[in-house]
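Coordinates in review
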Amino acid sequence: MSKAALRQATREALANTNVCSALGKFADNYVIAREQAYRHKDFEGLRREVARIKREAAERMEELAAQFTREATRRGATVFRAATAQDAREYIARLARSRGIKTIVKSKSMASEEIHLNKYLKEQGLDAVETDLGEWIIQLACQRPSHMVMPAIHMSRNEVAEIFSREIKKPVEPEISSMVQLARRELRRKFLSSWMGISGANIAVAETGTIVMVTNEGNGRLTTTLPPVHVIIVGLEKLVPCFTDIAPILEVLPRSATAQHITTYVTMITGTVPAVDPDGNYHEKKELHIILLDNGRTRMAADPVFKEALQCVRCAACLNVCPIYQLVGGVFGDVYTGGIGTVLTAFFTDPQKAQQVQNLCLGCGRCRDYCSGNIDLPALISELRRRTVEREGLGYVEKVIFERVLVNRRLFHRLLKTASRLQKPFARGGKIRHLPLFLSGLTEGRTLPAIADIPFRDRVGTLPRPDRATGRVAIFSGCLIDFVYPGIGESVAKVLAALGFEIVHPEQQTCCGYPAKQAGLTNIFAELARQNIAAFAGIDAGHILTACPTCAEALKFLYPELLAGDPVWSKRARALAEKVTDFSSFVFAHREKLVTFMIPLKKKVTYHDSCHLKRRLRVTGEPRQLLIDAGAELVEMTPADLCCGFGGSYSIKFPELSRSVLDRKLQAVLGSGAEVVALDCPGCQMQIGGGMDRQNPRVQVMHTAEILARCLAGTGRVQNG
C-alpha cells in the first residue's frame, strides 16, 4: 500500500458515515460501561498480573508448547505445530479430504482470519460457513472484519437486511430480532449437517492441555460439540503455564472487550469427548485436532522490543478508545486492526502494509491507559516507525527539514523569522484564514495562528520581574510558544513574577526534538536533546519550567531514555530531567500565594486535557484547581480527554483525519456551554482555537497561564466575547 492509497482509503472511510456513526456511538458508551464493569476491581493490579503471566509465557514459549502438546495428546487430542499460515491451511484441508468432509462450520476465530482460511478452503472445494452472527454477515458480504471482537460493527441494520435478502432470495425487513431468527434458522441446518467444526481459542493451558474459549453466542459450543471432528487454531501467544492463570485473564477480557463482567459462555475443553455424527452414529471419542500456530510469533518473542505485544489478550480495548479507529474502522490495520493490529500486521500478515498503516497512529496514548495487557502501544508504534525509516529512508523534503534545518538552530530560527514576514499577505489579526494552492487544505475548517513578529526569546528583556526575587526559574519555551504564541510565555513570566520568581531563558535552546521522534528519526532527536541539555547546563535555576506538555515529556522522560546508553550524556539528561516541571504543576505548588493577588474570573470555563499532560505527566487536577482558584465556574466537557487531533505533523500528513477528530472535540466543548476553553498545551490551542474560530468565535480558547495572568490584580479580567 502506498501513501497515496492510504490517504485515499481514509478519505473513503470518512465519507462512510455509517462507520463513523456506529463506531463513535459504541466508543462513547464503552468508556462509561467499562468503568462500571471495573467498579470495585483493581484494574491496574489485574493488568500487571496479566502482563506478568503473558510476558513469562512468551519467554518460555517453546517449553510451554511442548508441555501443552504432551498434556493435550495424553488426553486424546492430536496437536500440530504450524510454522506458517500455509502449514495450518494445508493441515486442515488435508484432514477434511481424508475424512471425506465437504461442509465445515466455524466459530469466530481471528487466527483463522489471519491465515485466510476461508479463501483457501473454498479454493480446495470445501464449504466453510461462519456461524458467529457478525462473522456470517461479513462472509456473506465478502468483506473482512472491521473489529476483533465485533466484526460487523461498521454495518447498519439496513445493510444487513440487504445482505440477508440476497442470501435467501426473499425480501428481509431490517428488524433485528427477525434477522437473528433468520440467521439461527439458516445456520442450525449447517450445524446439523457438518462433519467438521473449526474454532479459535482465547487461552491454552500448558499444565493441563486445556483450551479456553469465551463467547457471547451459542454457536461456539455448537461448533465445538456437534461435528465429530473438531479443529482448534490457537496462536502460540495464547499459551499460559498454569490453570490458575486463567482467572486474571477472564477478569479483564470481557470487561475490557465489551464492558461485561463475564461473557455468556466460558468453554473449557480438556481432551476428547463423545459425539454423534450427522447420520446419527455414536462416537465414543470425537476427533480433536489442535493447531499451535506460529506464523511470526516466535520471531516476535525473540525481538527485544516487540515481544511486549505478545501480552495482548485480544480484548480490543485499544480500538474502542482510539480516535482514529473510530473514524476509519478497518482501514487502520489489516486482519488485526488499530494500533495493536498494526504491530501484529508487521509480524503476522503483511509487513509492507504495516509500514504505511503505522502512520495513522495519532500518538495520543489513550490506548496505553486502557490496555488489559499493560502494553506501551505508542512506544511499539514509534519503534515500528523508526525501523521503517531506518530501512526505507525519508522523502526529500522531510530529509531537508529534519537533517539540515531542525538540527541547525540558527538556520531554523532564521527561517521562522523569514516566514513571519512572508505570511503577511495572508495574515489578518494574527490569524491566517486562507492559504493558496496545495496549502489550502491546512485552513479548511480551521484558522492558523500567524507566526509572531517578535518571538518570545526577543521579548525576555521586557518581561515582568518580581520586586524581590525569592527564586529563579529557567524557561524552556518550545517552538510554538517561542515563535507562535509568545503571549503565553509572557503570561507565564507574569504569573511567576507574582509568585516571586525571576526567570532566565537560555538563548541556545532549540526545538525539543519531539517532531523528529514522531518521524522515526531517533538520531536527530538525540542530537537536539544534546543541544538542549548543553543549553541549560550551568544555568543557576532551581527549576526548568515549560508551558508545553509535549516539551515537558521530551525533557523529563524521553531524554533520559534516549541517552541511557551514552556514558557522557545520560547523567546530564537525568540531571536536567529532575528539574523539569510543567506550568500548572509548578504554580499549583505555590498557589496559596497566588490566590491573594487574583480578581475572580466569573466565567464558565471548561478544561481540555492534553494527551501529553494527562497520559505522560499524569497532571489533571492541578490546572482545574487553579481555574477554580481564579474564580472560574468549571464545567466538564464529555469527554474532556478526547484528543484534539493536532498531533504535530499529523495535521499536515492527514488533514482530513485531523479535522474529523477536531470536530468531535469542538462538539464536546460546545456541548459544555462554556465561554472559555482552558488548556495547557500550545499545540492543542492551535488546533482547538483554529476550529473554534470557524464554529463559534465567541468561545475563547486560552492557556491556563493566560487566564491566571489576566486575573492578577491590576491586569484586568478576561474580556467578554
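Residues numbered from 1 in each chain as written. Predicted model: local features only at pLDDT ≥ 70, side-chain atom pairs only at ≥ 80, totals over all residues. Heavy atoms only, no water.

Considering the overall build of the protein
Spelled out, the test is: The numbering of helices and of strands both runs from the N terminus, where a helix is a DSSP run of H or I of at least 4 residues and a strand a run of E of at least 2. Taken over C-alpha atoms, the radius of gyration is set against a globule rule of 2.2 Å times the number of residues to the power 0.38. Per-residue accessibility, obtained with a 1.4 Å probe over protein chains only, is compared with the maximum for each type, and a residue is labelled buried under 20%, exposed over 50%, and partly exposed between these values. By definition, residues are in contact when any of their heavy atoms lie within 4.5 Å. Residue exposure ignores everything except the shown protein chains as possible cover, and the areas themselves are Shrake-Rupley values with a 1.4 Å probe. When charges are counted, neither His nor the chain ends are considered; positive counts come from Lys and Arg and negative counts from Asp and Glu. Here the site of a charge means NZ on Lys, CZ on Arg, CG on Asp, or CD on Glu.
In terms of regular secondary structure, the protein is built from 35 helices and 23 strands. Taken over C-alpha atoms, the radius of gyration comes to 29 Å for the protein, in line with the 27 Å a tight globule of 721 residues would show. Oriented by its inertia axes, the alpha-carbon framework of the protein measures out at about 95 × 60 × 50 Å. In the protein, which comprises 721 residues, the share counted as buried stands at 58%. In the protein, the proportion of contacts linking residues at least 24 apart, taken out of those at least 6 apart, comes to 78%. Accessible surface computed for the protein: about 29,500 Å², of which carbon and sulfur atoms make up 52%. Of the charged side chains in the protein, 95 are positive and 75 negative, and the gap between their average positions amounts to 3 Å.

Thoughts on the domain arrangement of the protein
Spelled out, the test is: Just so you know, the domain bounds were taken from an automatic or database domain assignment. Simply put, the buried area is the total loss of 1.4 Å probe accessible area from both parts when two parts are fitted together. In the sections that follow, a salt bridge refers to a side-chain nitrogen of Lys or Arg positioned within 4 Å of a carboxyl oxygen of Asp or Glu. We call two N or O atoms a polar contact when they sit within 3.5 Å, provided that within protein one can donate a hydrogen and the other can accept it, with sequence-adjacent residues counted only if both atoms are side-chain atoms. Each residue is assigned to one of three groups, with Ala, Val, Leu, Ile, Met, Phe, Trp, Tyr, Cys and Pro labelled nonpolar, Asp, Glu, Lys and Arg labelled charged, and all others, Gly among them, labelled polar.
One can read the domain layout of the protein as domain 1 (3–298) and domain 2 (397–720). Just the C-alpha atoms count here: the centres of domain 1 and domain 2 sit 46 Å apart. Both sides of the domain 1 and domain 2 interface together cover about 620 Å² of buried area, and 56% of this is carbon and sulfur. Among the residues of domain 1 in contact with domain 2, R7, T10 and L14 are the three that bury the most area, contributing 62% of the side total. For the interface between domain 1 and domain 2, the tally reads 3 salt bridges. Taken together, the links from domain 1 to domain 2 amount to 4 residue pairs in polar contact (both at pLDDT 80 or more). Listing elements by their share of the side of domain 1 that touches domain 2, those giving two or more residues are helix 1 (3–15) and helix 2 (17–37). Take the side of domain 1 that touches domain 2: its biggest share by element is 6 residues, from helix 1. Residues of the side of domain 1 that touches domain 2, tallied by class, amount to 2 nonpolar, 2 polar and 4 charged.

Structural notes on the layout of surface pockets
As a reminder, the rule being used: Note on definitions: the grid is 1 Å and covers protein atoms alone; a cavity is a set of points where a 1.4 Å probe fits but cannot get out; a pocket is an open set with protein on both sides within 12 Å along at least five of seven lines; lining residues have an atom within 4 Å of a point. Grid points are joined across faces, edges and corners, and a volume is the space filled by probe spheres set on the points.
In this model, the second largest pocket occupies a volume close to 1,100 Å³. K108, D132, V149, M150 and P151 are, among the 47 residues lining the second largest pocket, the residues nearest its centre. Secondary-structure elements contributing two or more residues to the lining of the second largest pocket are helix 6 (110–114), helix 8 (133–140), helix 9 (157–168), helix 10 (176–193), strand 6 (210–215), strand 7 (229–235) and helix 12 (246–258). Of all the elements, helix 12 adds the most residues to the lining of the second largest pocket, at 4 residues. Its residues placed into classes, the lining of the second largest pocket shows 26 nonpolar, 13 polar and 8 charged.

Quick look at the environment of A128
Secondary-structure assignment places A128 in strand 3 (residues 127–130). Separated by 22 residues in the primary sequence, A128 and K106 have C-alpha atoms spaced 6.8 Å apart. Filtering out sequence-adjacent residues up to four positions away, A128 remains in contact with I104, K106, N118, L121 and Q139.

Regarding the sheet that holds strand 17 (residues 501–504)
Formally: Note on pairing: DSSP must find at least two bridges between two strands before they are called paired. A fitted line through C-alpha atoms serves as each axis, taken over the contacting stretch for helices, and the angle formed by two N-to-C directions is quoted from 0 to 180°.
Spatially, 17-16-18-19 is the arrangement adopted by the 4 strands of the open sheet, whose pairing is parallel. Edge positions in the open sheet fall to strand 17 and strand 19 (580–582), since each of these has one partner strand only. Across the sheet, the mean angle separating the axes of adjacent strands is 40° when strand polarity is ignored. Where strand 18 (residues 543–546) and strand 19 come together, 3 bridges link them in parallel fashion. By the bridge assignment for strand 19, L545 is matched with T581. Here helix 23 (residues 486–498) sits on the sheet in contact with strand 16 (471–475), strand 17 and strand 18, set at roughly 145° to strand 17.

Here's the deal with the nonpolar core
Condition: Definition of nonpolar core: a set of buried residues of the types Ala, Val, Leu, Ile, Met, Phe, Trp, Tyr and Cys, connected through side-chain atoms within 4.5 Å.
F68, I211, I290, I324, I340 and L360 are the most contacted members of the largest nonpolar core, which totals 74 residues. Formed jointly, this core draws a minimum of three residues from each of two domains, domain 1 (3–298) and domain 2 (397–720). Among the nonpolar cores identified, the runner-up in size contains 60 residues, and I475, V484, L662 and V669 belong to it.

Topic: the sheet that holds strand 23 (residues 700–703)
Note: strands within a sheet are paired through backbone hydrogen bonds, in either parallel or antiparallel orientation. Spatially, 21-20-22-23 is the arrangement adopted by the 4 strands of the open sheet, whose pairing is parallel. Lying at the two open borders of the sheet, with one neighbouring strand each, are strand 21 (633–634) and strand 23. With 4 bridges joining them, strand 22 (residues 676–679) and strand 23 adopt parallel strand pairing. Within the sheet, the bridge partner assigned to V676 lies in strand 23 and is Q700.

Structural notes on the packing of aromatic side chains
Describing an aromatic ring pair means giving the distance of the ring centres and the angle of the ring planes. Spelled out, the test is: Two rings from Phe, Tyr or Trp (for Trp, the six-membered ring) form a pair when their centres sit within 6.5 Å of each other. Planes less than 30 degrees apart are called stacked, planes more than 60 degrees apart edge-to-face, and all others tilted. Our definition puts a charge over a ring when NZ of Lys or CZ of Arg is within 6 Å of the ring centre and also within 35 degrees of the ring normal.
A complete count under the given rule lists 10 aromatic pairs for this structure. Ring geometry for Y38 against F43: centres 4.9 Å apart, planes inclined by 65°, an arrangement best described as edge-to-face. Judged on exposure class, the residue Y38 and its partner F43 are both buried. Ring centres of W136 and F164 lie 5.2 Å apart, and the angle between their planes is 45°; on these two criteria the pair is classed as tilted. Of the two residues, W136 sits in helix 8 while F164 sits in helix 9, which places them 28 residues apart along the sequence. Exposure class is identical for W136 and F164. Each is buried. Sitting over the face of the ring of Y336, R314 holds its NZ or CZ atom 5.2 Å from the ring centroid.

With respect to helix 23
Note the cut-off: The span one expects for a helix is its residue count, reduced by one, times 1.5 Å.
The end-to-end C-alpha distance of helix 23 is 19 Å, a good match for the 18 Å that 13 residues give at a rise of 1.5 Å each. Buried within helix 23 are the following residues: P486, I488, G489, S491, V492, A493, V495, L496 and A497. Count one or two residues on from helix 23 and you reach G500, which has phi positive near 95°.

A look at unusual backbone geometry
Residue T638 is joined to P639 through a cis peptide bond whose omega torsion reads -5°. Following the sequence through the fold, P639 ends up in the loop between strand 21 and helix 32 (650–653). Phi is positive for N295, close to 50°, though the residue is something other than glycine. Here N295 shows up in the loop between strand 12 (287–293) and helix 13 (297–302). On the basis of relative accessibility, which here comes to 12%, the residue N295 falls in the buried class. Of note, N374 is a non-glycine position whose phi angle comes to about 55°, a positive value. Tracing the chain through its elements places N374 in the loop between helix 18 (366–370) and helix 19 (377–392).

Points about the side chain of S107
As for its placement among the helices and strands, S107 is situated in the loop between strand 2 (103–106) and helix 6. Classification of S107 by relative accessible area gives buried; the value is 1%. Sequence-distant contacts of S107, that is, excluding residues within four places in its chain, are made with E130, T131, I198, S199, G200, M213, N219, G220 and T223.

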